[in-house]
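Chain by chain, the residues:
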Amino acid sequence: MKFVDEFRDAELGRVLANEILATVEPGRHYKVMEVCGGHTHTIYKYGVDDLLPANVELVHGPGCPVCVIPMGRVDDGIAVAHRAGVIFTCFGDMMRVPGGAGTLLDAKAEGADVRMVYSPLDALRIARENPEREVIFFAVGFETTAPSTALTLMRAKAERVPNFFVFCNHVTIVPPLRALLESPDLRLDGFIGPGHVSTVVGARPFEFIPADYGKPVVISGFEPLDLLQSVHMVLRQLADGRCEVENQYKRVVPYDGNPQALRVLAEVFELRPHFEWRGLGFISHSGLKLSAAYADFDAELRYEVPGVRVADPKACQCGEVLKGVIKPWECKVFGTACTPERPIGTCMVSSEGACAAYYNYGRFARERVVV
Amino acid sequence: MSEATALEKIERVRSKPLRFRDEQITMAHGAGGKATLGLIEGLLAPAFGIPELADAAAVGELAVTTDSFVVKPLRFPGGSIGELAVNGTVNDLAVAGARPLALTLALVLEEGLAAGELRAEVEAIARAAEAAEVEVVAGDTKVVERGHCDAMYVTTTGIGRIDPRARLSPASLRPGDRILVSGPVGAHGVAIMLARGEFELDAPVESDTRPLWSAVDALLGAAGDALRCVRDATRGGVASVLNELARASGVAAVVREAAVPVAPAVTGACEILGIDPMYVANEGTLVAFVAPEAADEALAALRSAPGCAEAAEIGEVKTEPPGMVLVETSFGGRRVMDLLVGDPLPRIC
């Protein structure tokens, strides 16, 4: 496939792998966090880390939208889905995320009309086709998916669709990264920055990472060669004693982002004072809700939800996994009580979740060279 | 705990027979992945005192099989529910090494179904039966109230005569055996997905529904008892077939990703939808395991069978790690290809 295969070229991969080998300081252990779940998925799907020396460790960060949804919000969604006459729509992965009592998939089997959609526009179409029903879209995701929810809401408003509502769980990427960097148990050498989020927000918002915390950041694309090159760029910065934001994904990411998308976000959403993250707790100014101009579409204003904070299961260590403090396999329940078919924690649900990616793809990796 | 200990623990848990502990049936039980296997290994097989619920089984010199079809929409590019109902069942016989002889047919019809739609499907069944050289010999019809089924469901039961050359069994897989597929993978599932019009996506993809006895016949002719085992890669795709066989026979299957034939339009659609064509359903593509010395001849014979010109060797059976399927990625890495979890696409056949 054109414009894709070029970035999966095994020969070029070997060239980059050799350059990485030459850049690594013998005996030094490197921990580089890829923030985005999409990167985690690529790394495991293509076996990218098989091409890295063993002392370059990739740590999986908090950028998987499904993984950071707290149980209480799932319960709220299920409560809305069970209301008579409602059609509840969400992305496929969300259906399997466990709340305090079951998943949306269970709610569907119990009779709730829960439908999987690939885009919020599909949810709006369902609302238009079913004027007698109320259609709710369970919106999740970072600045990557928030613009598509925003555009859908603008269209719903323009077309005056009265039976379409959004249960908004959109979050922003910078506050959790700052929370992570403030965490005392963290030891990272650098970051692979989130490519998709950056197409919207640009590379500039990540400048605080080198400026305030002295860590290099490289914004990366999602193909295996992108990731190898980005790892090389981070290691290069460390070797040169540099520390800055670099943009490997220039073919898609403008340094200042997409001003039109940012305008749309500013019109449709506003920051919540705080929002709960799975395993990370409440983080200030990290979540979005619908702005006053779109209040008529806000499912949280339309419906009573339990709104109860549900504590994570005791055995679950998603928080530590999301912070990169432990590896998936170091979690007490990993692969035994918590599996993709019966997940306890969110990281085991989405294919972008660190635990599911490792469980599904990562076992039986090749032996790696130690430099 | 070291990574190795953690992995050992996982393998211990994985190798236990799956249990059926769910409180209710969800769509995942129909997806052909782990939940389906749990339903079979945990409820059905133990209830009937059989080791597995095979697609087809031998009764003396005959093989018998049964299958229900609930695909939505009824008609899609490359086929329809009637054609699937014939091909699906004759293929279950074929991959058991049996030449299909006859079918019975049961129709569950929804009140209000247009007679024209029913007639078209009955004619499709007749045409497909003729093409597959089987007779429809008996049947049954039922009608349920509007809303109690979706237009029509079709069940076919097939009998076939086991070919004397066939010595097919998952237990016969040996390290070194070659893995063949009879054509490009993932076409049926993608065709259905696009035909539903749920995504604003259009691509020229047709279902691969076709009868496979001539392909099995060609393989048996070329390889004889060096043909170890054949499976029809329907729901859950090639990945699920490989996993079931690796699990059942305690060997590993190693697939070379770059060798798997996939039509460009299927690759493109899968890329956009974020799914792996190896997990997408086929309705006329088989996976064959052949002893290494007969592999080249078997592949050549397979390629001469109708619809199998793009057959390919995609991998090899290995000893380690037992019960697992590994993929050598075209990028030079390696990953596990596990049983499917969840339900990417309900009512595919």
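Conventions used here
Residues numbered from 1 in each chain as written. Chains lettered and ligands numbered in written order. Predicted model: local features only at pLDDT ≥ 70, side-chain atom pairs only at ≥ 80, totals over all residues. Helix = DSSP H or I, 4+ residues; strand = E, 2+ residues; numbered from the N terminus. Buried ≥ 20, exposed ≤ 12 C-beta atoms within 10 Å, placed from the backbone. Contact = placed C-beta atoms within 7 Å. Nonpolar A, V, L, I, M, F, W, Y, C, P; charged D, E, K, R; others polar. Pairing = 2+ DSSP bridges. Core = buried A, V, L, I, M, F, W, Y, C linked by C-beta atoms within 7 Å. Domains from an automatic or database assignment. Axes fitted to C-alpha atoms, helices over the stretch in contact; angles between N-to-C directions. Parallel < 35°, antiparallel > 145°, perpendicular 65-115°, else oblique. Left-handed = near helix turned anticlockwise from the far one by under 90°.

Trainee: Before we move on, could you go through the environment of threonine 5 of chain B and cite the residues and values that matter?
Mentor: Residue and element names in this part refer to chain B. Relative to the assigned elements, threonine 5 resides in helix H1 (residues 3–15). On the basis of neighbour counts, which here come to 10 C-beta atoms within 10 Å, the residue threonine 5 falls in the exposed class. C-alpha separation for the pair threonine 5 and glycine 221, spaced 216 residues apart in sequence, amounts to 47 Å.

Trainee: So, the interface of chain A and chain B: which residues are in play, and what are the values?
Mentor: Where the parts come together, the accessible area they lose is often given as the size of the interface. Facing the 33 residues of chain A at the interface are 33 residues of chain B. Contributions of two or more residues to the side of chain A that touches chain B are made by helix H1 (10–23), helix H2 (37–46), helix H4 (104–109) and helix H14 (354–362) of chain A. Residue classes in the side of chain A that touches chain B are distributed as 17 nonpolar, five polar and 11 charged.

Trainee: Give a description of the pairing of strand E1 (residues 56–59) of chain B that names residues and reports values.
Mentor: Residues and elements named next belong to chain B. In this structure, E1 lies alongside strand E2 (residues 62–69), joined through four bridges in antiparallel fashion. In the sheet register, alanine 56 faces E2, and the bridge partner there is threonine 65. Following E1, the chain reverses through two residues before pairing antiparallel with E2; glycine 60 in that reversal takes a positive phi of roughly 65°.

Trainee: Please set out the nonpolar core residue by residue, giving values where relevant.
Mentor: Ranked by size, the top nonpolar core spans 228 residues in total, and within it Leu219, Val290, Ala298 and Leu302 of chain B carry the most contacts. If sequence neighbours within four positions are ignored, leucine 219 of chain B has contacts with Leu227, Val230, Ala288, Ala298, Ala301 and Leu302 of chain B.

Trainee: Give me the domain arrangement of chain B: which residues, what numbers.
Mentor: Taken domain by domain, chain B consists of domain 1 (1–53), domain 2 (54–162) and domain 3 (170–336). In this structure, domain 1 of chain B and domain 2 of chain B have C-alpha centres spaced 29 Å apart.

Trainee: Can you explain the domain arrangement of chain A? Please cite residues and give values.
Mentor: Residues and elements named next belong to chain A. You can read the domains of chain A as domain 1 (5–66 + 174–250 + 318–361) and domain 2 (71–172 + 257–302). For domain 1 and domain 2, the distance between their C-alpha centroids amounts to 28 Å. The interface is formed by 23 residues belonging to domain 1 together with 25 residues belonging to domain 2. For the side of domain 1 that touches domain 2, the element with the highest residue contribution is helix H8 (residues 195–201), accounting for six residues. Across the side of domain 1 that touches domain 2, the residue classes break down as 15 nonpolar, eight polar and no charged.

Trainee: Describe the packing of helix H6 (residues 213–223) of chain B against helix H9 (residues 295–303) of chain B, naming the residues involved and giving the relevant values.
Mentor: Residue and element names in this part refer to chain B. Two elements in contact, H6 and H9, have axes whose closest approach is 8 Å; the angle formed by their N-to-C orientations is 150°. Classed by the angle they form, the pair H6 and H9 counts as roughly antiparallel. H6 and H9 meet at a crossing whose hand is right-handed. On H9, the residues that touch Ala215, Ala218, Leu219, Gly221, Ala222 and Ala223 of H6 are Glu297, Ala298, Ala301 and Leu302. Of the residues belonging to the contact of H6 with H9, the class tally is eight nonpolar, one polar and one charged.

Trainee: I'd love a proper account of the sheet that holds strand E4 (residues 113–116) of chain A, names of residues and values included.
Mentor: Residues and elements named next belong to chain A. The four strands are arranged E4-E3-E5-E6 in an open sheet whose pairing can be described as parallel. Looking at strand neighbours, the two that pair on one side only are E4 and strand E6 (164–170), the edges of this open sheet. Averaged over neighbouring strand pairs, the angle between their axes works out to 20° when direction is ignored. In the packing of helix H3 (residues 71–81) onto the sheet, contacts are made with strand E3 (86–90), E4, strand E5 (134–141) and E6, and the angle to E3 comes to roughly 145°. The strands touched by helix H6 (residues 146–158) are E5 and E6; relative to E6, the strand with the most contacts, the crossing angle is about 160°.

Trainee: Could you give an account of unusual backbone geometry, naming the residues involved and the relevant values?
Mentor: In the segment running from lysine 72 of chain B into proline 73 of chain B, the intervening peptide bond is cis, with an omega of 0°. Following the sequence through the fold, proline 73 of chain B ends up in the loop between E2 and strand E3 (75–76). Positive phi is not limited to glycine here, since histidine 285 of chain A has a value of about 50°. A tally of 13 C-beta atoms within 10 Å means that histidine 285 of chain A is categorised as partly exposed. Despite not being glycine, glutamate 133 of chain B has its phi angle at roughly 60°, a positive value. With respect to the secondary-structure elements, glutamate 133 of chain B resides in the loop between helix H4 (115–131) and strand E6 (135–144).

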